[in-house]
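# A look at the structure
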Amino acid sequence: MDFNELAERTRQGLGRNQVVIGKDLFTRYARSNRLGMVWVTEDLAPHAIAKMREACAKMDIHLIIGGDSAEMGAITGRETTKVYLFKKSFSGLSHILTQFEDQRRK
């Protein structure tokens with residue numbers, strides 16, 4: 001799976017309200033134990049990526065970093081968004097996590 005395919009699945013999830021956007025919602029969803037995965041684009045500020053990495057590790061939430069926000073935004077319909085929050089209810093979440101875990105091991 002590449003980031004374009006992930007962006008397409010994200011677009012579908014946004015339409016089904018299974019994906020929410022923005023790092024400001026992270027704490028709310030993470031504390032209520034509703035997050036299954038966080039995807040941040042690689043053009044997010046380095047200090048923000050570090051904070052997100054630390055918070056996700058602390059709360060045992062999967063984090064994927066990659067893709068350009070403009071390119072991914074053209075697919076998702078959210079051109080300026082750099083943080084996508086996938087709820088545990090997102091259909092296909094386990095498939096996405098498996099695909100990216102397999103790619104990381106190669």
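Up top is the structure these notes are about.
Residues numbered from 1 in each chain as written. Predicted model: local features only at pLDDT ≥ 70, side-chain atom pairs only at ≥ 80, totals over all residues. Heavy atoms only, no water.

## Re the pairing of strand β2 (residues 35-40)
On a regular strand, each side chain points to the face opposite its neighbour's, so the side chains alternate between the two faces of the sheet. Note the cut-off: Using a 1.4 Å probe on the protein chains alone, a residue whose accessible area is under 20% of its type maximum counts as buried, one over 50% counts as exposed, and one in between counts as partly exposed. Runs of E in the DSSP output that reach at least two residues are strands. Runs of H or I that reach at least four are helices, and both are numbered from the N terminus. When DSSP finds at least two bridges between two strands, those strands are taken to pair. Orient the strands so they point away from the viewer, and a crossover whose first-strand-to-second-strand path over the helix runs clockwise is right-handed.
Most of β2 sits out of view: 6 of its 6 residues are buried. Taken together, the 5 bridges between β2 and strand β4 (residues 83-87) define a ladder with antiparallel strand orientation. Its bridge partner lying in β4, Trp39 is registered against Tyr84. Each parallel crossover has a hand, and for β2 linked through helix α3 (residues 46-59) to strand β3 (residues 62-65) it is right-handed.

## Details of the sheet that holds β3
Whenever strands of a sheet pair, they do so through backbone hydrogen bonds, lying parallel or antiparallel. Condition: The convention used is that axes are lines fitted to C-alpha atoms, helices contributing only their stretch in contact, and that angles between N-to-C directions extend from 0 to 180 degrees. Contacts between residues were defined by any pair of non-hydrogen atoms, one from each residue, lying within 4.5 Å.
Read from one edge of the open sheet, 4 strands run β1-β4-β2-β3, paired in mixed fashion. Whereas interior strands pair on both sides, the edge strands pair on one side only; in this sheet they are β1 (19-21) and β3. Each adjacent strand pair in this sheet contributes to an overall mean axis angle of 20°, direction not counted. Contacting β2, β3 and β4, α3 runs over the sheet at an angle of about 155° to β3.

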